[in-house]
Amino acid sequence: MSPSTPRPGSSGTLITVAPTGAEHSKADVPNLPVTLEELVRTARDCERVGAAMIHIHVRDGAAQPTLDLGLLKETVAAVRENTRLIVQLSTGGAVTDPESARLGVLDAMPDSASCTMGTVNFGDDVFLNRWEFIVALHKGMQERGIVPEYEIFDLGQLTALRRLLDEHGLPSGGHVHLDLVMGVPGGMPGDTETLAAALRLIPDGASFSATGVGRTSLPVLLASLSAGGHVRVGMEDTLSYARGERVRDNAQLVARAAGLAKIAQRPPVGPEESRVLLGVAS
Ligand code: KMH
Ligand code: ZN
């Protein structure tokens, strides 16, 4: 399969919204959705303008990142009640979260969960993902029927993904989907050349999306659309809509991605079609 050929089922574009993340503070970013009510409203708004999946980090009552299992379960239930979006929980959490709590996220039984494929410098911090931990996440998802999204912060992590699949088999659902997270200071740059280089290393038959952090958001979005990929947007990854203009809300970013996907003749696909694409049970 040529790298620029849209992969199976990807004649349309799956848009994921990552609305919150673990890095921004509510004090600095007042429009960041942090409460359950704000998150549900965001999920509905983003579904309305073209998102099919939501990548969730939750916050506690003080708006701090948390992996509290009760809150995660409540969040999964609330988003399912109010939308048809595919619910993906982050197992990346914050850089300070212990492995045990990150593995515990799987007990909230989301449709999908992230699985980062290696350690990366993350600005001034280190986002630690040991091999044994990656294997534990992969197996934990196989056992629970959760569909992973493999998060790729650097090119060598695609080699690690091949090793994981060779040694431990296909994920639940039988389909491999990954997300290129580009432009993190310490990871791969967010540009077209690097995205093209990544395509050579993506396992055959896998689908991919891409997200560009900060000012790489638009170049990565356009490069991924042109390469037959899907896209992730949201305030986890960027707070700037245009030069000198802050993001109003997550739906603004999703609406722009949906518009560009239509222009690219690869319009947004809804949650049902995206479930088929990713192998997520309905
Ligand atoms: N918050 C970052 C340290 C993920 O969600 O899986 C990791 C992250 C990746 O956001
Ligand atoms: Zn995340």
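Above this text sits the structure in question.
Residues numbered from 1 in each chain as written. Chains lettered and ligands numbered in written order. Predicted model: local features only at pLDDT ≥ 70, side-chain atom pairs only at ≥ 80, totals over all residues. Heavy atoms only, no water.

Visitor: Any chance you could explain the coordination of the zinc ion (ligand 2) here in plain terms?
Guide: Octahedral metal centres with six donors ideally show angles of 90 or 180 degrees, and tetrahedral centres with four donors ideally show 109.5 degrees. Surrounding the zinc ion (ligand 2) are the protein donor atoms His55 (NE2), His57 (NE2) and Glu236 (OE), at 2.1 to 2.2 Å. Look at where the donors of the zinc ion (ligand 2) fall in the sequence and you get H-x1-H-x178-E. Accessibility expressed as a relative area gives 3% for His55, which makes it buried. (Donors = N, O, S within 2.8 Å, 3.2 Å for Na, K, Ca; no water. Buried < 20%, exposed > 50% of the residue type's maximum accessible area, 1.4 Å probe, protein only.)

Visitor: Looking at this structure, how should I read the site of ligand 1?
Guide: Contacts to ligand 1 come from Glu23, His55, His57, Ser90, Gly92, Gly93, Val95, Ser114, Thr116, Phe122, Phe127 and Glu236. Between ligand 1 and His55, the relevant distance is 3.0 Å, taken from an oxygen atom to a side-chain nitrogen or oxygen of the residue. Interatomic distance of 2.7 Å between a side-chain N/O atom of Ser114 and an oxygen atom of ligand 1. Coverage of ligand 1 by the protein amounts to 97% of the 300 Å² it exposes when considered alone. A majority-of-atoms criterion places ligand 1 in the largest pocket. (Near = heavy atom within 4 Å. Polar contact = N/O pair within 3.5 Å; in protein donor to acceptor, adjacent residues only side chain to side chain. Areas by Shrake-Rupley, 256 points an atom, 1.4 Å probe, with all protein chains shown as cover. 1 Å grid on protein atoms, 1.4 Å probe; cavity = no way out; pocket = protein on both sides within 12 Å on 5 of 7 lines; lining within 4 Å. Sits in = over half its atoms within 2 Å of the grid points.)

Visitor: I would appreciate a short explanation of the sheet that holds strand 2 (residues 53–56) in the present structure.
Guide: Consider a sheet: its strands pair through backbone hydrogen bonds, and that pairing is either parallel or antiparallel. A barrel is described by the order of its strands in space; here eight strands give the closed sequence 1-2-5-6-9-10-11-12, paired in parallel fashion. Averaged over all adjacent pairs, the angle separating strand axes in this sheet is 25°, with direction ignored. In this sheet, strand 6 (residues 112–116) lies alongside strand 5 (residues 86–89) in parallel orientation, the contact comprising two bridges. What sits directly across from Leu89, in strand 6, is Ala113. On top of the sheet, helix 5 (residues 156–168) reaches strand 6, strand 9 (147–152) and strand 10 (177–182); it is set at about 150° to strand 9, its chief contact. Strands strand 1 (15–17) and strand 12 (230–233) of the sheet are contacted by helix 8 (residues 250–263), whose axis makes an angle of about 170° with strand 1. (Pairing = 2+ DSSP bridges. Helix = DSSP H or I, 4+ residues; strand = E, 2+ residues; numbered from the N terminus. Axes fitted to C-alpha atoms, helices over the stretch in contact; angles between N-to-C directions. Contact = heavy atoms within 4.5 Å.)

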